[in-house]
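Each chain, written out:
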Amino acid sequence: MAFTKDQLLARLQELKIEFLSCDHPAVMTVEEQAKYVGHLGGALSKNLFLKDKKHRLYIISALANTKVDLKILSQRLGLGKGGLRMAPEEALPEILHVALGSVTPFALINESARSVSLLLDKGFKSQRYCLFHPLTNEVTIALTPSDFDKFLLSIGREPAYVDLEDCPVVGKDNPPDLAYLVPAEALNLPGGADKVPPTSAPAQTNATLEQKTKQPTQKPKEPSKEQKQKSGKDKPQINADAVADSTNVEKFVEKVLEKVSNVFISELSKQSNAEDGNIKDHMLEGVKQRVSFDLLSMTMTLKNSVYTQGFHAGIESTLYPLANRKIVERK
Amino acid sequence: MASTTGETLAAAEPIADGRTEEGEEEQVVNPWEVSAKGGKIDYDKLVDKFGCQRLDESLIQRFERITGRRAHVFLRRGLFFAHRDLSDILDAYERGEKFYLYTGRGPSSESLHLGHLVPFMFTKYLQDVFKVPLVIQLTDDEKCMWKGLSVEESERLARENAKDIIACGFDIERTFIFADFSYMSPPIYKNIVRIANCVTGNKIVGIFGLTLEDYGGKFFFPYIQAAPSFPSSFPHIFSGKYSKLRCLIPCAIDQDPYFRMTRDVAPRLSYHKPALIESKFFPALQGESGKMSASDPNSAIYVTDSLKDIKNKVNRYAFSGGQDTIEKQRKFGANLEVDVPVKYLNFFLDDDAELLSIKEKYGSGAMLTGEVKARLIEVLSEIVERHQRARAAVTEEMVDAFMAVRPLPRMFG
């Protein structure tokens, strides 16, 4: 479900974001764009859509005259020296749902782009207006930096402003300062595999499991930034997902079974030799299958019981002030 | 007669009890009676007569694609076999448009058997894979009208049944259970009257076979069963952007008449027609002669049965398609068409490979009736045990919470 320019602009209006819009023939470079919109008096942006060796994606949005050195940025992100490349062409329509020449931070409004990390030039903050393509390179819109931030927050992104020209030396004593901006999820770039429906009852794949577990990363330079695995995601968004995850019975059972299996496997390995690997896996699958129905049922019972207690506590705490009300004690 | 909205109410309005024009009794399928000449229900004829559609392989695959997991065993083995507008629901869901589930139970007895649980087990699966809210109607008023129960007894049974329903594992975060007597309130009553204003007595007689000798409440009740198909009956759950939410109703096929009527009315009230996903009848232990009956304890496995009861019932009463003697069985194999244990395993044994192996061996004579029954007893015992454990944990407070008129803020997960 790709967003169109009109849908994006409608969303901006819903958010009460004021913007200036300028139509022009399709432009492929900043110089061309400047010819048509230079008069708006705002800061033109150049937008790079990049990928790293592990197929994680990034958009770097910089002021037109900021020097962007991919080698240095790659090191600052903790990706090594040559870690950043241009993203494959197919990823543009597939992930960002925009055409060549139209890369823009606004593309992150698409659900398909949720794992794309966004790096913003800190120079934007001091501009009067920032100029971006609203999903098509036949239009440019200008909006204030604070309104731009507002948009990003509305799609669950915390704006990450970076001094793109800074070139700190990355080494043993100086960990990569932008490592926190590396996405947790690698995306299946165009032509990626479909999810094959698994054979057992708890059907979540391991991918969803990984999203929940926090992997330790190096401490970012700014101590105020919490160690976030999902780059650029806003705090409220994480909390909503966390609640959904923590009340999800199937995910819970999946995690329990995973934990038990891992321990079981390792204990078994201590006893027998590695060649029994297949048998062990087979046995484990069998155990998981037989146990999961019961575990799911028990966990749902727990969830419902706990909700019930909370519910009644809530009811009674509001009734309590009514001194004449008799709280009926049930067996 | 096709209705004004184009909905085919089958070639002719099916006369309530399934008699043909010549007065010949073929099979009778309506909410109060299910029987067939010769014992076996012809589902193809039924689907034709009712005008619903068969749930085919491509729809099942669509289910798997959309939900990302294997389809429920009831779908795979054809227990849920018919539908109305299910593709529309799936289309809309793929576009990001949600829906809610609506199912119900007429609480006529305290004892529930596995056949009663079937729609609930399936509904739970739907709730889990689509992550959508569910409303469950307990028609205590209906049982009061049809079974002559007192209001108080109907209410009591409704609450007791609610506990077994809850034990099926519904998620309290997105489930609202209500009983007609206690939920009757302005929003739903207004919808009931709106629906009543669209359906004449003649039509009710035509669909449900009532006569002027029947008490008036029976004419009115169909409107009450129809109302939960419209989201505005539950403003505390569906308001704002959900006020026109689509509805999917999992039910046994004998409930189809109620919802044919509802679908006819829906467009006139500017609602989506509720979609249906319908099941066959679960065979009784003694064989394919109709529904399991709550009045015959040996016709079904009850949720209160002990492991000993289950063993006894299956061994003594489950109709076997096996041969009379072991020698004959080894030679000729069993008649899988009529064998009840195999039918039960068809629906309750999740492992496709194992089921196939049992069918092959039993059909060829390599396996004996006793062995098949033993496996069935295992499978059923597990299910019943799990249910009893869950049931024991359902408290009065939990029933109150499920039945409380409260918003469900996380109903879409």
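Residues numbered from 1 in each chain as written. Chains lettered and ligands numbered in written order. Predicted model: local features only at pLDDT ≥ 70, side-chain atom pairs only at ≥ 80, totals over all residues. Heavy atoms only, no water.

Looking up chain B in an unreviewed UniProt entry gives the name Tryptophan--tRNA ligase, cytoplasmic, with the organism given as Rhynchospora pubera. The Subcellular location (unreviewed entry) comment attached to chain B in UniProt states, word for word, "Cytoplasm". UniProt lists a comment for chain B under the heading Sequence similarities (unreviewed entry), and it reads "Belongs to the class-I aminoacyl-tRNA synthetase family." (UniProt positions renumbered as here; feature names shortened; annotations may be inferred.)

In the annotation of an unreviewed UniProt entry, the entry for chain A reads Prolyl-tRNA synthetase associated domain-containing protein 1, and the organism field reads Rhynchospora pubera. In its Sequence similarities (unreviewed entry) section, the UniProt record describing chain A reads: "Belongs to the PRORSD1 family."

**Regarding the interface of chain A and chain B**
In this assembly, 27 residues from chain A lie in contact with 27 residues from chain B. Regarding the contact of chain A and chain B, the summed buried area is about 2500 Å², with carbon and sulfur atoms giving 54% of it. The tally of links from chain A across to chain B stands at 5 salt bridges. As a salt-bridge pair, B:R389 and A:D294 come within 3.5 Å of each other at their nearest N and O atoms. Our enumeration of links across chain A and chain B arrives at 10 residue pairs in polar contact (both at pLDDT 80 or more). Sorting the residues of the side of chain A that touches chain B by element identifies helix 7 (235–246) and helix 9 (277–319) of chain A as the ones contributing at least two each. When residues of the side of chain A that touches chain B are assigned to their parent elements, the largest contribution, 13 residues, is made by helix 9 of chain A. Here the residues of the side of chain A that touches chain B are counted per class, giving 13 nonpolar, 10 polar and 4 charged. (Contact = heavy atoms within 4.5 Å. Buried area = accessible area lost by both parts, 1.4 Å probe. Salt bridge = Lys/Arg side-chain N within 4 Å of Asp/Glu carboxyl O. Polar contact = N/O pair within 3.5 Å; in protein donor to acceptor, adjacent residues only side chain to side chain. Helix = DSSP H or I, 4+ residues; strand = E, 2+ residues; numbered from the N terminus. Nonpolar A, V, L, I, M, F, W, Y, C, P; charged D, E, K, R; others polar.)

**Considerations on unusual backbone geometry**
Residue A:K16 is not a glycine yet carries a positive backbone phi of 60 degrees. Among the secondary structure elements, A:K16 is positioned in the loop between helix 1 (5–14) and strand 1 (20–23). A relative accessible area of 67% means that A:K16 is categorised as exposed. Even without being a glycine, B:K131 presents a positive backbone phi close to 55 degrees. (Buried < 20%, exposed > 50% of the residue type's maximum accessible area, 1.4 Å probe, protein only.)

**Observations regarding the sheet that holds strand 6 (residues 134–138) of chain B**
Residues and elements named next belong to chain B. Strand order in the open sheet formed by 7 strands is 3-4-9-8-5-6-7, with mixed pairing between adjacent strands. Each of the sheet's edge strands pairs with one partner strand only, and the pair in question is strand 3 (53–54) and strand 7 (175–179). Of the strands in this sheet, strand 4 (80–84), strand 5 (99–105), strand 6, strand 7, strand 8 (246–252) and strand 9 (275–279) touch helix 5 (residues 114–130), which is tilted by about 165 degrees from strand 5. (Pairing = 2+ DSSP bridges. Axes fitted to C-alpha atoms, helices over the stretch in contact; angles between N-to-C directions.)

**Quick look at the pattern of salt bridges**
In the structure shown here, the tally under the stated rule is 42 salt bridges over all chains. In this structure, the salt-bridge partner of A:D294 is B:R386, at a minimum N-O distance of 2.5 Å. With A:D294 in helix 9 and B:R386 in helix 17 (residues 369–392), this pair bridges two chains. The structure contains a network of salt bridges with shared partners spanning B:R159, B:E160, B:K163, B:D164, B:R391, B:E396 and B:D400.

**What about the packing of helix 15 (residues 340–348) of chain B against helix 17 of chain B?**
Residues and elements named next belong to chain B. Put simply, helix 15 and helix 17 touch, their axes get as near as 10 Å, and they point 40 degrees apart. In terms of axis orientation, helix 15 runs oblique to helix 17. In this structure, helix 15 meets helix 17 at a crossing whose hand is left-handed. Where helix 15 approaches helix 17, its residues P341, V342, Y344, L345 and F348 are matched on the opposing element by V372, K373, R375, L376, V379, L380 and I383. (Parallel < 35°, antiparallel > 145°, perpendicular 65-115°, else oblique. Left-handed = near helix turned anticlockwise from the far one by under 90°.)

**Quick word on the side chain of B:S381**
Along the polypeptide, B:S381 turns up in helix 17. Setting aside residues no more than four positions away along its own chain, B:S381 makes contact with B:L307 and B:I310.

**As for the pairing of strand 2 (residues 33–36) of chain B**
Residue and element names in this part refer to chain B. Residues V34 and A36 line the buried face of strand 2, whereas the alternating positions E33 and S35 sit on a face that is not buried. Bridging between strand 1 (residues 27–30) and strand 2 involves 4 bridges; their strand directions are antiparallel. Across the sheet, V29 pairs through a bridge with V34, a residue of strand 2. Linking strand 1 to strand 2, which pair antiparallel, is a turn of 2 residues.

**Notes on the pairing of strand 7 of chain B**
Remember that side chains alternate between the two faces of the sheet whenever the strand is regular. Residues and elements named next belong to chain B. Burial runs high along strand 7: 5 of the 5 residues are buried. Of the two faces of strand 7, the one lined by T175, I177 and A179 and the one lined by F176 and F178 are each fully buried. One ladder, built from 5 bridges, connects strand 6 with strand 7; its direction is parallel. Of the residues in strand 7, the one forming a bridge with I136 is I177.

**Remarks on helix 1 of chain A**
Residue and element names in this part refer to chain A. Buried within helix 1 are the following residues: L8, L9 and L12. Taken around the axis of helix 1, the buried residues stretch over an arc of 95 degrees, which confines them to a single face. Turned more than 90 degrees off the buried face of helix 1, the exposed positions are D6, Q13 and E14. Residues of helix 1 that are buried in the fold lie against strand 7 (139–143) and helix 5 (145–154). Just past helix 1, the residue K16 takes up positive phi, approximately 60 degrees. (Arc of directions from axis to C-beta.)

**Observations concerning the environment of B:K37**
For B:K37, the location among the structural elements is in the loop between strand 2 and helix 1 (43–50). Sequence separation between B:K37 and B:E26 is 11 residues; the distance between their C-alpha atoms is 5.7 Å.

**As for the nonpolar core**
Nonpolar side chains in soluble globular proteins tend to end up buried together. By size, the foremost hydrophobic cluster in this structure holds 119 residues, and its most contacted members are B:F130 and B:I277. Element by element, the count of residues in this core is highest for helix 5 of chain B, at 9 residues. Beyond its immediate stretch of four places on either side in the chain, B:F130 contacts B:F63, B:I66, B:T67, B:L90, B:Y93 and B:F99. Membership of the second largest hydrophobic core comes to 36 residues, among which are A:A87, A:A107, A:V116 and A:L120. (Core = buried A, V, L, I, M, F, W, Y, C linked by side-chain atoms within 4.5 Å.)

**Digging into the confidence of the model for chain B**
Detailed reading of the predicted coordinates is not advisable wherever pLDDT falls low. Residue and element names in this part refer to chain B. With 92% of its residues at a pLDDT of 70 or more, chain B has an overall mean of 90. Within chain B, the element-level pLDDT minimum falls on strand 2, averaging 74, and the maximum on strand 6, averaging 98. Overall, residues 1–24 carries pLDDT values under 50, and its contacts beyond four positions in sequence, including any with other chains, amount to 44 contacts. In the predicted complex, the global pTM is 0.66; the interface-specific ipTM is 0.83. (pLDDT = per-residue confidence, 0-100.)

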